[in-house]
Amino acid sequence: MSIYDHRAIEQKWQKKWRTAGIYQPNLSSARKPFYNLMMFPYPSAEGLHVGNVYAFTGADVYGRFQRMQGKDVFQPIGLDGFGIHSENYSIKIGKHPAQQAKISEKRFYKQLSEIGNGFSWDQRLETYDPDYYRWTQWIFVQMFKRGLAYRKKASVNWCPSCKTVLADEQVEGGVCERCKTPTERRATEQWFFKITEYADRLLANIEKIDWPEKIKTAQRNWIGRSEGAEIDWEIVGSKRLKGRRVTTFTTRLDTIFGATFLVLSPEHPIVGDLISGSEAHNYVQRALLKTEQQRKVGEKEKTGVPTAYEVRHPLTGKCIPIWIADFVLMEYGTGAIVGVPAHDQRDFDFAIEHKLSIKQVVLCNPQNLYKKPWKAFDVNKRLTDEEKCWEINKEVREGKMAYEGYGTLVSSEDFDGLSSEEAIGKILLALEKKRLGRKRVSYHLRDWLISRQRYWGPPIPMIHCDECGWQAVPEEELPVILPNVDDWQPTGDGRSPLEKAPKSWLYTKCPECGGEAKRETDVSDTFLDSSWYFLRYPSTRSARSGQVPFDPELTKKWLPVNAYIGGAEHAVLHLLYSRFVTMALHDWEYLDFEEPFPFLFSHGLIIKDGVKMSKSRGNIVIPDDYIKKFGSDALRTYLMFLGPYDRGGDFRDTGIAGMYRFLMRVWRLYQASSDQRLDKKSKVGEKTDKRLVGPLHRTIKKVTNDLSKFRFNTAIAAMMEFLNVWEERERLSAKDAMIFLRLLAPFSPHMTEELWQKIQRKASPKSYATGQVSVKRHGYRSIHLEPWPEFDESLAAFEKVEIVVQVNGKLRGRIAIAAHEATKKAKVLALAQKQPGVVRFLADVKVRKTIWVAGKLVNFVTF
RNA sequence: GCCGAGGUGCUGGAAUUGGCAGACAGACACGGCUUAGAACCGUGUGCUCGAAAGGGCGUGUGGGUUCAACUCCCACCCUCGGCACCA
């Protein structure tokens, strides 16, 4: 018996797979294309940790399962190497990002091959490769040509540590998504992509894609569509501002008669014209300097200053004062709101703080008492609904609380007595008639801020000419190569490091007039690099890869991606941007589909000792030592076993040791048979023990079903169960022993390949005619190209079943009976009544009812 | 606050068209093997009453539906993840 030398075996097969190209489909001739993709990784400074291995393994197991089912699986790999993450690491260690990239790349690919994934290595790509970013720039140019890329001056997120602006999606809870530094607001001019133009379709298509509910909800919330109305308010009290208007957005037109003030965001363009006193001036200055975190998360008190102006109510004609307060956000709606303190909690808080008047216009009624957004207040549970409403309305009338629910209108002139629902429509009509209001849909989603004041990214392919303005770099001149400069560190003054690039790069001719012009020095967001890489993969080795971003024929064959697998942390980043870019390319007729990932599976998180792995906690688990000690097969199989794949789990050393034991046991069962003579004690022999046929077919069934649903942990449990039975029983024929190996192959590809090669010699050749194709093409017959085992439903069925016997729902006995007898009611009932437990419990009582579930259960009811 | 997921032995987890709760593993304990340890093999392990046979209880809490509830309904508590002054 040879020992299980996992290191030698794994290295041997990794090399062989690569040279034989068994995971390399022929992209143009494949008959059953299956594009299996794991989310684009970026090389981390520390290399891979088990969290990455977990993500890759799950995707790989699924890919292998598909491959064995006869699909031509394309499972490419590459590197998202451009971007702040890589650049920040370069800053830390003081190495040029381009040099560091080469080092990381080598190490990353080496680690990846050690896990034993079935990657299609030929098509790998790196985002910092000019052959790739040429087309990233091309996408920018297309966006510009169609008016979807534009420049505007705006108040944007600024990370003082990364020294660059960030998109809204990259600020999480007021801190930078990358470095966790609180972000600030800065008013600068930047490049944006008009993703908002696609808001409605991005929202509507969510219904058509097979994604986890969690991620779909996150995208819906992020897009945040709400229907409401705009109202124009005329400014009064100043000749200078005569005729000027302020527009507000509201979803609650029914409360409009309760407006007692109007509030502007400090960033609102009209604010400059309204502030005169130093108090207001100071307030605005201070508000603009606050970090997002201070403004949004930290401080809940409603600060603000009054102005000397008022606006006229479009319906009542009465005047209400204008205030400036930083709880109003410039980015949402119109940057101005109407204050209705009686019916909005924030307006209420603000009114109390600044002693503004409160006017009740909606009465709570029982129909709306428990409806969202209002939650009934239940100071006294004994009150009836009517009494509760009366209490609420009294409190609101006295200015003690805000009622945010719908109800019946009062003090609203002609609209008194209407319900909120009716009033919203009718008040809108009234406003439209006066041309002082209109229907409006507002989104939380904002345009994608695409420019970055950093070095390590694709230069934005734009040229600025003093005469002709902004011009796109002509497509035939792409790529705009990122110049190799020594001084590449971010500056922090808002200017890009490329400002210091050689003049020969910086200045060029205007594509329009030929005059002297200057290049854009900002680079694009890393998320643009990763928003289309899946389109490029099939085409990287195409003869047309130099002429087009993606070969139309290959794209038609392979896209959209059949299975996309990754973490949920990109719910509103990568996954939203990719949808947007794909949709845009579809509209420009480069693609015939709108959604890049019709099916997405999001895996859980691997934690350690109950907490998230993180550098600061120092509990990051590096796979390398485990691979050395136990092998990648044991690591992979353990990771897939420790919990449901969509939930993740806790990594433990003892667990992986246990999985190693399991693989050892499998190994041993196959050893004797690899000898020339079949060892008498071996568990692989000429014939299969009869008692193993049922369990084997049940195992095939269970593993097949589980794998198709990503239920890896229970699939492995089923194989363990089979192994336990097999060890107790006699032998499995070589043919059946090969079935078991194939079931295990997606999880432990190296060991099963090794055993497969040895056992093949023992097996009768005629039962495996299918292997010939792989021999012809790859020079040997790999288990990973073998067909997935099929089960026989009749063999999988149990010959004997157990019927549960209950008295009053409590277990009192069991009957073991042949499966074909188990459905015979009279017979089973007779047997059931003779069960000792049943006899005892039915001794003095009468059975009033008998429940009979055919083939499963008998329940005698005595009451 | 809102949205999503979840709460089952000592631990990870399994079981849902309502029908044997605790599969499979880890850990621990005892036994075998061993000079010894590791490895390996065997046995046991939800709580509780009982010498045993055999009972009772038990899936976050409290109620409900049902012959039967981890599974369905109502109310609540807790944990994790996401969003959050969104008008």
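Source: prediction; values computed, not measured. (Residues numbered from 1 in each chain as written. Chains lettered and ligands numbered in written order. Predicted model: local features only at pLDDT ≥ 70, side-chain atom pairs only at ≥ 80, totals over all residues. Heavy atoms only, no water.)

> Describe the environment of Phe-863, naming the residues involved and giving the relevant values.
The residue Phe-863 is located in the segment after strand E36 (857-861) in this model. For Phe-863, a relative accessible area of 70% translates into the label exposed. Taking C-alpha positions, Phe-863 is 73 Å from Phe-550, a pair spaced 313 residues apart along the chain. Once you skip the residues sitting within four places of it in the chain, Phe-863 turns out to touch Asn-808 and Arg-848. (Helix = DSSP H or I, 4+ residues; strand = E, 2+ residues; numbered from the N terminus. Buried < 20%, exposed > 50% of the residue type's maximum accessible area, 1.4 Å probe, protein only. Contact = heavy atoms within 4.5 Å.)

> Any chance you could break down the packing of aromatic side chains for me, citing the residues and the numbers?
Taken as a whole and judged by the stated rule, the model has 57 aromatic pairs. With a centroid separation of 6.2 Å and 70° between ring planes, the pair formed by Trp-448 and Phe-580 is classed as edge-to-face. Taken as a pair, Trp-448 in strand E19 (residues 448-449) and Phe-580 in helix H18 (residues 574-587) lie far apart in primary sequence, 132 residues in all. Between Phe-601 and Phe-710, the aromatic rings sit 4.1 Å apart at their centres with planes inclined by 15°, giving stacked as the arrangement. Placement of the pair is Phe-601 in strand E27 (residues 600-603) and Phe-710 in the loop between helix H22 (690-708) and helix H23 (712-728), with a sequence separation of 109 residues. Each member of the pair, Phe-601 as well as Phe-710, carries the same accessibility label: buried. Grouped by ring-pair contacts, the aromatic residues Phe-140, Phe-144, Trp-191, Phe-193, Tyr-198, Trp-448, Trp-470, Phe-527, Tyr-577 and Phe-580 constitute a single cluster. The cationic tip of Arg-186 hangs over the ring face of Trp-158; the distance from NZ or CZ to the ring centre is 3.7 Å. The ring of Phe-327 has Lys-302 lying over it, and the distance from NZ or CZ to the ring centre is 5.6 Å. (Phe/Tyr/Trp six-rings, centres within 6.5 Å; stacked < 30°, edge-to-face > 60°. Lys NZ or Arg CZ within 6 Å of the ring centre and 35° of its normal.)

> Could you give me a rundown of the confidence of the model for chain A, with the residues and numbers involved?
Taken as a whole, chain A shows an average pLDDT of 87; of its residues, 93% reach a score of 70 or greater. Below a pLDDT of 50 lies the segment residues 673-680, which in the model reaches 16 contacts outside its immediate sequence neighbourhood of four places, other chains included. (pLDDT = per-residue confidence, 0-100.)

> Tell me about unusual backbone geometry, and name the residues and values.
Along the chain, Leu-478 connects to Pro-479 via a cis peptide bond; the corresponding omega equals 5°. Secondary-structure assignment places Pro-479 in the loop between strand E22 (469-472) and helix H14 (503-506). With an omega of 0°, the peptide bond running from Leu-559 to Pro-560 counts as cis. Along the polypeptide, Pro-560 turns up in the loop between helix H17 (552-558) and strand E26 (563-567). A positive phi angle, near 50°, is found at Ser-411, a position not held by glycine. Mapping Ser-411 onto the fold places it in the loop between strand E17 (408-409) and helix H13 (420-433). Judged by relative accessible area, Ser-411 falls into the partly exposed class, the value being 39%.

> Now, about the packing of helix H7 (residues 213-223) against H18: what can you tell me, with residues and values included?
Close contact between H7 and H18 brings their axes to 11 Å; oriented N to C, the two are set at 70°. One element, H7, and the other, H18, form an angle in the roughly perpendicular class. When H7 is examined against H18, the residues Ile-215, Gln-219, Trp-222 and Ile-223 are found in contact with a partner set consisting of Leu-575, Leu-576 and Arg-579. Here the residues of the contact of H7 with H18 sort into five nonpolar, one polar and one charged. (Axes fitted to C-alpha atoms, helices over the stretch in contact; angles between N-to-C directions. Parallel < 35°, antiparallel > 145°, perpendicular 65-115°, else oblique. Nonpolar A, V, L, I, M, F, W, Y, C, P; charged D, E, K, R; others polar.)

> An account of the sheet that holds strand E29 (residues 611-612) is requested, with residue identities and associated values reported.
The strand order E29-E28-E30 describes an open sheet built from three strands, whose pairing is mixed. In the strand order of this sheet, the two ends are held by E29 and strand E30 (648-651), each with one partner. As judged from the two bridges shared by strand E28 (residues 605-608) and E29, these two strands associate in the antiparallel manner. What sits directly across from Ile-607, in E29, is Lys-612. (Pairing = 2+ DSSP bridges.)

> Can you lay out the nonpolar core for me, pointing to particular residues and giving the numbers?
Leu-112, Met-143, Trp-448, Tyr-670, Trp-726 and Phe-747 are the most contacted members of the largest nonpolar core, which has 184 residues in total. When near neighbours in sequence (up to four residues on either side) are disregarded, Trp-726 contacts Leu-669, Tyr-670, Lys-683, Val-684, Leu-692, Arg-731, Leu-732, Ala-737 and Phe-740. Core analysis: the second largest hydrophobic core is formed by 56 residues, Leu-241, Phe-261, Leu-264 and Ala-351 among them. (Core = buried A, V, L, I, M, F, W, Y, C linked by side-chain atoms within 4.5 Å.)

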